Amino acid sequence: MSLRRLLLPCASVLLAASAFAATPASDAEIETAVEKLLSKMTLAEKLGQMSQRHYALKPQTEITISEEAVRQSQVGSFLNPDSAETVNQLQRIAVEESRLKIPLIFGLDVIHGYRTLFPIPLGQSCSWNPELIAAAARVAAIEASSAGIRWTFAPMLDVTHDPRWGRVAETLGEDPFLTSQLGAAMVRGFQGQNLADPQSIAACAKHYVGYGAAEGGRDYNTTLIPEAELRNIYLPSFKAAKDAGIQTFMSAFNDLNGVPTSANPFTLRQILRKEWAFDGFVVSDWNSVKELIPHGFAADERDAARLGIIGGVDMEMVSTNFREHGEALLHDGAISQAMIDDAVRRILRVKFRLGLFSNPYTDTKSPSVLLTEENLRIARELTTQSMVLLKNEPRVLPLSPEGKTIAVLGPLADSATDMRGCWSCAAKIEECRTVYSVFKDYVSPTTRVLYAPGLATAGSKDTKGIAAAVKAARKADVVVLCIGEGHELSGEARCRAFLDLPGAQQELVDAVAATGKPLVLVIFGGRPLTFSRAADSAQAILYAWHPGTMAGPAICDLLFGRTNPSGKLTTTFPRTVGQIPIYYNHKNTGRPTSFEEEKLGLPIGTPQNTIGYYSRYLDVHSTPAFPFGFGLSYTTFAYTDLKLSQPDANGVLTATVAITNTGAREGTEVVQLYTRQFVGSLTRPIKELKGFQRVALKVGEKRTVTFAVTPQSLGYFVDGGKFIVEPGRYQLWIGGDSASGLSTPFVLKP
Ligand code: BGC
């Protein structure tokens, strides 16, 4: 850290800062400082700490109200401040003009980058690269903290099986184990080695819990999750974040088994506090305390405050029920003093850990840390690793940069705005590089690059531009067609009942494909889309998600083979919405599906295929369009020599497999290990991911990859929160996706 970063912004600030105590260094010192402060606080000041306000830039009256609230100790935190100057101004009032001089904490949704935008989290997860994801989160923390943000509402740790849900874009895929690993990596990146470092920001595990199970994939909808399922599928990523030292949790919007998660003592008190011993604080989601009323759980705002506090929410985001009704509730004995004190203690503890008491201000004088060369380098690397090559037959890719005519087509070929993804923070549209804007940098001077969007926007139904795209395609030797979802179709409250290509894009694909030119589709999206017809007419498909600032360079690196694709899907891609929910780690049923279907060998959708009473649809195959874990490379990998050891003294099995690069290019394979327990006290998934490794191999190189399989990793929760590891028959697979691989049975002895 440079010395200049330690300098404070102005003289008055310097004077004020000198009055602050040094940050307590040890946990014990922090606890003592918290108790000392708590003992001096009035009830109103405590309720103020439990309130988080939205910072409204306009009108001026709003700003004045905010400042006065800080002066009167009626607020503990703001979200969405607009600049470091605003942060310093409000902080100055808090630490100079309020009675107890308690600093504020400023939060923002730094979800996939601040000014340097990384791919949406779902895209990042396809890198299966925790270290790189941690590095990206570190960049985001450094950039955001330079604007006074010391708290991000990330990582989003929800697991979902439903791509209709717009917030699938924010998830790290459908698998609890992978989400746990990658979520914990994000926590490490945001929070850094030392929370008190001004460049570290507190992370927030959200949305606790079960929010991704929204019925029908409709945002905010009801969730019904049996306890064992909750503990096996939805809670592990949150527990991993807690174990990684996360400082805050966000209670969610959803009703879980009849009890909204922002007033749920079972999840917030029993599991989070008692079982996991979490000592940070819980913030509600936006207005989710007040929303207990429309849920039909609270009678009015007073009741909402009561239920939120009893439930275990420590800080109320935006709605003001705690502040307005806390005193009366306490007076009437509806809540206890201990509940209030516990909430405030947690909030103060995190503020102390962040060093806000001794270093409350944001340095505005240091050189910019935004969009640095290193930040962009990390973004480019993560962005290339996030993209998944779904098809390449016959090997159209990589493109040759020499002497050809290439048509770059489609509404998303040059749409910077759609590169951003669902949380664009401080990013500027013009800073997002599109495919077309960098394409010329990749080809020789003799190569002609033609451009035609075909449709004005991704959602446009006006087909008059298609003729120009077809004309360009006819002149070209190869076509790169950039299609998919615009950025506004995914994220919060952006659910879709149909997942087909929006607008007239299918017509565009059909028309371009009819020219017979080799067709490469680059598909953007905040979710798995359904695009079977387009896929059939293309020779190659690169799934690019919403890639962020380095979209164009990353895509061109891959299209031209400067980098070999290595991304693998972290969600199952359905053939059609009717298959949803479709996910790889499902249960077998008593009449398993695809196996019988394959055995019958009957075509789908024909009358003959109505025989057989199996768990399947008559009109679509049971298998997905692309399975979890799938992704191609420009090289090929062979798996051989799978071996599984006898258990060691601790019961740990060692699995090894040899992997060889059998193609003509250097490449990286994501090697995946899955297991299945055949018989359990509760029925078990047909496969579960238990390990993965990214393995880089030169041409012809062979490497042995080793995994340890602990008995613990084979266990699961049954109702009542009991974790069991059961002896019996298991199967283990190691391979390049969830639908293939070498496998061996094994028996777990008692
Ligand atoms: C979202 C959260 C977000 C919060 C603050 C809510 O609407 O559900 O994910 O952190 O707003 O912006």
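Refer to the structure printed above.
Calculation rules
- Residues numbered from 1 in each chain as written.
- Predicted model: local features only at pLDDT ≥ 70, side-chain atom pairs only at ≥ 80, totals over all residues.
- Heavy atoms only, no water.
- Helix = DSSP H or I, 4+ residues; strand = E, 2+ residues; numbered from the N terminus.
- Rg over C-alpha atoms; globule rule 2.2 N^0.38 Å.
- Buried < 20%, exposed > 50% of the residue type's maximum accessible area, 1.4 Å probe, protein only.
- Contact = heavy atoms within 4.5 Å.
- Areas by Shrake-Rupley, 256 points an atom, 1.4 Å probe, with all protein chains shown as cover.
- Lys, Arg positive; Asp, Glu negative; His and termini not counted.
- Charge placed at Lys NZ, Arg CZ, Asp CG, Glu CD.
- Near = heavy atom within 4 Å.
- Polar contact = N/O pair within 3.5 Å; in protein donor to acceptor, adjacent residues only side chain to side chain.
- Nonpolar A, V, L, I, M, F, W, Y, C, P; charged D, E, K, R; others polar.
- Pairing = 2+ DSSP bridges.
- Axes fitted to C-alpha atoms, helices over the stretch in contact; angles between N-to-C directions.
- Parallel < 35°, antiparallel > 145°, perpendicular 65-115°, else oblique.
- Left-handed = near helix turned anticlockwise from the far one by under 90°.

A. How the structure looks around the overall build of the chain. Counting its regular elements, the chain contains 23 helices and 25 strands. In terms of C-alpha radius of gyration, the chain reaches 27 Å, essentially the compact-globule figure of 27 Å for 750 residues. C-alpha extents for the chain along the principal axes are approximately 75 × 65 × 50 Å. The burial tally for the chain puts 60% of its 750 residues in the buried class. Long-range contacts, defined here as pairs at least 24 residues apart, represent 77% of the contacts in the chain between residues at least 6 apart. In the form shown here, the chain has an accessible surface area of approximately 27,900 Å², with 54% of it arising from carbon and sulfur atoms. Computing the positive centroid from 75 side-chain charges and the negative centroid from 75, the chain places the two 3 Å apart.

B. Representation of the site of the ligand. Around the ligand, the neighbouring residues are Leu79, Asp109, Phe153, Arg167, Lys206, His207, Met250, Phe253, Asp285, Trp286, Met317 and Glu492. Here Asp285 contributes a side-chain N or O atom positioned 2.6 Å from an oxygen atom of the ligand. Look at the ligand: alone it shows 310 Å² of surface, and the protein chains cover 93% of it. The class makeup of the residues in the shell around the ligand is 6 nonpolar, 1 polar and 5 charged.

C. Broad picture of the sheet that holds strand S3 (residues 105–108). A sheet is described by the order of its strands in space; here 5 strands give the open sequence S4-S3-S2-S1-S10, paired in parallel fashion. Of all the strands in the sheet, just strand S4 (151–152) and strand S10 (316–317) have a single pairing partner and so form its edges.

D. Fine view of the side chain of Thr572. Structurally, Thr572 can be placed in the loop between helix H22 (551–559) and helix H23 (594–600). Among the residues examined, Thr572 registers a relative accessible area of 5% and is labelled buried. Among the polar contacts listed, one links the side chain of Thr572 to the side chain of Glu174, at a separation of 2.7 Å. Those residues within four positions of Thr572 in sequence are excluded, and the remaining contacts are Glu174, Pro528, Ile582, Tyr583, Tyr584, Pro624, Phe626 and Phe628.

E. Broad picture of the sheet that holds strand S17 (residues 637–644). With antiparallel pairing, the 3 strands of this open sheet are ordered in space as S17-S18-S21. Of all strands in the sheet, those with a lone pairing partner are S17 and strand S21 (702–709), marking the two edges. Averaged over all pairs of adjacent strands, the angle between their axes in this sheet comes to 20°, without regard to strand direction. Judged from the 8 bridges that link them, strand S18 (residues 653–661) and S21 form a sheet pairing that is antiparallel. Looking at the pairing, Thr660 lines up with Lys702 of S21.

F. Geometry of the environment of Glu229. Positionally, Glu229 belongs in helix H10 (residues 227–234). A sequence separation of 337 residues divides Glu229 from Ser566, and the C-alpha atoms of the two residues are 32 Å apart.

G. Region of interest: the packing of helix H8 (residues 130–145) against helix H16 (residues 373–386). For the pair H8 and H16, interaxial distance at closest approach is 10 Å and the crossing angle is 140°. Classified by the interaxial angle, the pair formed by H8 and H16 is oblique. Once H8 is placed against H16, the crossing between them reads as left-handed. Every residue of H16 that contacts H8 at Leu132, Ile133, Ala135, Ala136, Val139 and Glu143 is listed here: Asn375, Ile378, Glu381, Leu382 and Gln385. Here the residues of the contact of H8 with H16 are counted per class, giving 7 nonpolar, 2 polar and 2 charged.

All quantities given are derived from atomic positions and should not be read as evidence of function.
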